[in-house]
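Chains, contacts and geometry: an overview
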Amino acid sequence: MISDEVWDVRGPVFPAAAATGRPPADRRLVVEAIAWHYRTGAPWRDTPERFGNWNTVYKNFDRWSKAGVWADLLEHVQSLALANEDLDWVASIDSTIVRVHQHGATLPRTTGGSNELQEIWSRAS
């Protein structure tokens, strides 16, 4: 669960609920449900009832994605970490651990070069 301390930092990034219409879902609970979804990899429909209606959770996630709220949240958290000198931008990607997807492994590889060398070799034989 999101602690009060963490929510105090991240909560203000999320847009305020509309003043008209249905009573809004608790923002903190919706964010918890979205985190649960990505932690487990479960379908949206399998969201536990303790988080409320799965469709409400998904609609909020989708609306916030389109509005750029998640990008704003990342920027906000990164700026706080940078200010506290807790951010390290070092990354290392090793080709021995970066794998191609199984469906991409058998695709033909075009290098953009010509096939002249192959033609020369075939004429020489």
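Okay, so let's go over this structure. (Residues numbered from 1 in each chain as written. Predicted model: local features only at pLDDT ≥ 70, side-chain atom pairs only at ≥ 80, totals over all residues. Heavy atoms only, no water.)

Looking at the side chain of T47
- Looking at the secondary structure, you find T47 in the loop between α2 (27–40) and α3 (54–67).
- A polar atom in the side chain of T47 sits 2.6 Å from the backbone oxygen of W44.
- Once you skip the residues sitting within four places of it in the chain, T47 turns out to touch A33, W36 and W54. (Helix = DSSP H or I, 4+ residues; strand = E, 2+ residues; numbered from the N terminus. Polar contact = N/O pair within 3.5 Å; in protein donor to acceptor, adjacent residues only side chain to side chain. Contact = heavy atoms within 4.5 Å.)

Digging into the packing of aromatic side chains
- If you walk through the whole model with that rule in mind, you get 10 aromatic pairs.
- Between F14 and W64, the ring centres sit 4.9 Å apart and the planes meet at 50°, which makes this aromatic pair tilted. Remark: W64 occurs in helix α3 and F14 occurs in the loop between α1 (4–10) and α2; sequence separation between them is 50 residues.
- For W64, a relative accessible area of 2% puts it in the buried group.
- Among the aromatic residues, those joined into a cluster by ring pairs are W7, F14, Y38, W44, Y58, F61, W64 and W70. (Phe/Tyr/Trp six-rings, centres within 6.5 Å; stacked < 30°, edge-to-face > 60°. Buried < 20%, exposed > 50% of the residue type's maximum accessible area, 1.4 Å probe, protein only.)

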